[in-house]
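Tertiary structure, described
Listed below are the residues making up each chain.
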Amino acid sequence: MFTDIVGYTALMGDDEEKAFEILKKNRKLQRPIIEQYGGKWIKELGDGVLACFTTVSDAVNAAIKIQEACNVSKDFLLRIGIHHGEIVFEDNDVFGDAVNVASRIQALAPIGGIWISESVHNNVSNKKEINTKFVRAETLKHVKEPVRIYEVILENNSVQQSSSISKSSIQTTPDKSIAVLPFVNMSSDPEQEYFSDGLTEEIITDLSQLKKLLVISRSSMMTFKGTHKKLKEIANEVNARYILEGSVRKSGNNLRITAQLIDAIDDGHLWAEKYSGTMDDVFDIQEKVSRSIVDALNVKLTAKEEAILSKHPIQNTQAYEWYIIARQETIMRSEKGLDNAVALTQRGLDLVGDNALLYSVLSTSYLYLFHYGIRPEPSCLDKARFYAAKSLELDAHSPQARFVQGMLAFKKGNVQEASLKFKEVLELDQNNTEVMIWQMVMYILAGRPDATRPVLDKLLKLDPVTLAPKVMSGTIEFNSGNIQEAIPPFKEWLKADPGSSWTRFNYSWALAMNNEIKESVEVLDKMIVDAPHSTFGKFALFFKSALTGNRESALKYATNELKGEAAAIDYFTLNMAWGYALIDEKDEAVKWLNKSLDFGYSIYPLMLKWETFHRVLSDHPGFQAYMQEIKKRSEQFIV
């Protein structure tokens with residue numbers, strides 16, 4: 001017999017002292033009853049208890065008595081599972097398949113309930129005092145054959161989910177919230193990892209477009225890849241009620257996928273299924289998984305959402321594989337990966353002809369090649385614009401193509417248009433955390449960091465594990481002029497991503513703004529060593545000289561090559577202006593400030609506190625006009 005306290009893990013996180021008190025009460029309640037029915041208390045497993053009995057009826061009667069006593073005390077709620085089978089005693093412990101089966105059945109039982117296996121039912125079915133009813137046949141983890149499960153009917157069972165434990169669990173976790181664990185690659189070929197990750201991504205994307213579901217982001221869930229944490233632990237970390245886990249075995253064209261949906265509050269299995277077929281069946285399997293989740297959670301779909309789940313935008317399985325690989329490459333955003341994404345999507349288009357989804361990934365690849373400074377050439381933006389338009393011609397509701405259009409509007413300096421585009425994307429794909437981040441960036445650039453709070457609150461719910469929300473929190477503080485508050489999250493960001501020039505750029509900027517010049521220079525030196533030929537490395541040479549007051553050296557490093565590259569990338573313009581202000585090049589500083597306007601930058605709250613510009617440029621008419629312009633733009637921006 002296995003017993004388990006409902007919601008104990010959540011209570012442990014909220015009130016450790018109270019949780020230990022509940023554990024003591026549980027022992028005091030259960031131990032004498034187990035002994036009364038001739039049972040042996042084997043051990044505690046966290047908040048669970050394992051016991052064994054001489055007869056099946058003793059075990060069931062003890063379970064009934066325990067639930068009755070629990071119902072009277074109202075201190076906590078239990079789930080109980082019982083199985084009959086052979087066990088082995090060794091060193092005061094017990095082993096055997098029967099132990100595993102009892103544990104699995106307990107996890108499925110309802111709050112305040114007792115579920116038993118068929119072997120137990122067969123032994124007590126002739127006992128008048130014990131009433132049972134068939135529930136279902138269940139495929140249990142590590143058990144070959146399905147187990148038929150029965151419920152023990154308890155008289156006067158008024159147990160409701162009203163104990164302090166269950167209340168704390170339910171109130172702090174959104175009811176319609178789900179986390180999709182990375183599907184495990186069971187193939188012998190590690191190269192198939194992309195497919196299992198891609199399938200995870202596709203299911204998350206499908207579910208994210210359903211308005212009534214809160215779906216934890218891919219970025220947070222990928223941090224649990226290969227984890228040995230218990231599902232309850234993961235659910236508590238991401239604050240989701242339901243967990244989907246599964247595996248993929250792909251061998252050539254053959255495919256085998258398993259999936260199961262678990263209620264993490266009580267560890268109950270809502271649904272489990274195995275799918276076997278070929279790659280030609282992958283679209284149907286993906287849809288079945290999503291629909292099974294919808295059915296299990298009683299989510300009512302709109303006609304539009306029905307169409308989303310039914311939609312198979314790439315019918316050719318080879319092209320679909322290439323799409324999945326390409327999409328994973330765009331997430332990684334390396335030069336090699338983005339080039340591979342371009343090649344794969346182009347091969348897919350050559351195979352199937354015009355396709356909205358493939359065009360959207362192709363446009364994203366070119367956008368990222370430009371935006372992340374890998375290939376900051378106008379031709380990349382032209383191709384991103386062309387392929388996004390091609391995607392929207394075929395699918396006017398493509399979220400990814402609209403995102404690219406929003407980014408292109410931003411690149412042209414139209415922050416207002418970009419913000420509206422991102423709002424459109426979030427109407428179509430409400431849980432898209434990348435677009436949420438960019439929406440907040442637009443608010444910041446428009447001089448409205450105050451408007452970011454509702455978006456940040458939702459991002460924290462969807463992406464609770466990764467650094468992204470912390471980084472955004474730091475960015476918001478920074479652009480509000482609260483520089484000291486921004487440094488800790490930026491430092492944590494650099495620690496997590498030490499090789500990124502983009503991360504170093506932001507951290508060095510924050511340090512310099514906080515007058516930590518020595519520390520800022522140390523970060524710039526690493527940029528110079530690690531990326532000497534990139535725009536970041538060239539800029540670091542110029543800016544280090546300006547920060548340390550070396551005017552001659554700064555002017556030497558302000559080459560036409562650097563100025564040409566920096567002028568094409570939005571986030572360099574303000575810092576080029578800062579560098580020139582530091583060496584008293586007033587006209588150049590104002591010129592670069594005005595270049596930032598071309599990119600839509602009107603960061604008024606930060607500029608009010610940017611001491612260098614006010615000290616050096618306060619009497620420059622161009623600076624006064626600039627400050628008036630960003631104030632006006634900030635006030636006119638529509639949130």
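Computed from a predicted structure; not experimentally measured.

What counts as what
Residues numbered from 1 in each chain as written. Predicted model: local features only at pLDDT ≥ 70, side-chain atom pairs only at ≥ 80, totals over all residues. Heavy atoms only, no water. Helix = DSSP H or I, 4+ residues; strand = E, 2+ residues; numbered from the N terminus. Buried < 20%, exposed > 50% of the residue type's maximum accessible area, 1.4 Å probe, protein only. Contact = heavy atoms within 4.5 Å. Areas by Shrake-Rupley, 256 points an atom, 1.4 Å probe, with all protein chains shown as cover. Core = buried A, V, L, I, M, F, W, Y, C linked by side-chain atoms within 4.5 Å. Axes fitted to C-alpha atoms, helices over the stretch in contact; angles between N-to-C directions. Parallel < 35°, antiparallel > 145°, perpendicular 65-115°, else oblique. Left-handed = near helix turned anticlockwise from the far one by under 90°. Nonpolar A, V, L, I, M, F, W, Y, C, P; charged D, E, K, R; others polar. Phe/Tyr/Trp six-rings, centres within 6.5 Å; stacked < 30°, edge-to-face > 60°. Lys NZ or Arg CZ within 6 Å of the ring centre and 35° of its normal. Polar contact = N/O pair within 3.5 Å; in protein donor to acceptor, adjacent residues only side chain to side chain. Pairing = 2+ DSSP bridges.

**Quick look at the overall build of the chain**
Across its full length, the chain carries 31 helices and 15 strands. Once the C-alpha set of the chain is aligned to its principal axes, its extents read approximately 95 × 55 × 45 Å. Split into buried and exposed, the 639 residues of the chain put 56% on the buried side. In the chain, once contacts between residues fewer than 6 apart in sequence are set aside, the share between residues at least 24 apart is 62%. Carbon and sulfur atoms make up 49% of the accessible area of the chain, which totals about 27,900 Å².

**Notes on unusual backbone geometry**
Positive phi outside glycine occurs at N239, with the angle close to 55°. Tracing the backbone through its elements, the reader meets N239 in the loop between α9 (231–238) and β13 (242–251). Even without a glycine there, the phi angle at D584 is positive, about 65°. Tracing the chain through its elements places D584 in the loop between α27 (570–582) and α28 (586–598).

**Some points on the nonpolar core**
Counting residues in hydrophobic clusters, the biggest one holds 163 residues, and the most contacted among them are L244, F403, M607, W610 and F613. In contact with W610, not counting residues within four places along its chain, are W509, M513, L574, W578 and I603. One finds L29, V56, L78 and I82 within the second-largest nonpolar core, a separate group that totals 31 residues.

**Comments concerning the packing of helix α24 (residues 535–547) against helix α26 (residues 560–568)**
Between α24 and α26, the least distance of the axes is 10 Å, while the angle of their chain directions is 120°. Regarding the angle of α24 to α26, the classification is oblique. Relative to α26, α24 is oriented so that their crossing is left-handed. Contacts between α24 and α26 involve T535, K538, F539 and F542 from the former and E561, L562, E565 and A566 from the latter. The residue inventory of the contact of α24 with α26, partitioned by class, reads four nonpolar, one polar and three charged.

**Quick look at the packing of aromatic side chains**
With the rule as written, the count across this model stands at 32 aromatic pairs. Seen in terms of ring centroids, F386 and Y387 are 5.1 Å apart; in terms of plane orientation they differ by 75°. Their pairing is edge-to-face. The ring of Y368 carries R333 above its face, with NZ or CZ at 4.8 Å from the centroid. In this structure, K595 is placed above the aromatic ring of W592, and the distance from its NZ or CZ to the ring centre is 5.4 Å.

**Concerning the side chain of Q328**
Within the element layout of this structure, Q328 appears in helix α12 (residues 317–332). Leaving out residues up to four positions away in the same chain, Q328 has contacts with Y194, D197, G198, E201 and R218.

**Some thoughts on the side chain of T573**
Assignment of secondary structure puts T573 in helix α27. At 2.8 Å, the side chain of T573 forms a polar contact with the backbone oxygen of D570. With residues up to four places along the chain from it excluded, the contact list for T573 reads A566, W592, K595, S596 and F599.

**What to know about the sheet that holds strand β9 (residues 147–152)**
The sheet built from seven strands is open, its strands ordered β2-β3-β1-β4-β7-β9-β8 with mixed pairing. In this open sheet, the two edge strands, each paired with only one partner strand, are β2 (40–45) and β8 (132–138). For this sheet the average axis-to-axis angle between neighbouring strands, irrespective of direction, equals 25°. Two strands pair when backbone bridges link them, and strand β1 (residues 2–5) and strand β3 (residues 48–52) are joined in this way by three bridges, in the antiparallel orientation. In the sheet register, T3 faces β3, and the bridge partner there is V49. The strands touched by helix α3 (residues 56–73) within the sheet are β4 (78–82), β7 (114–117) and β9, with β4 carrying the most contacts at an inclination of about 175°. In the packing of helix α4 (residues 97–108) onto the sheet, contacts are made with β1, β3, β4, β7, β8 and β9, and the angle to β4 comes to roughly 145°.

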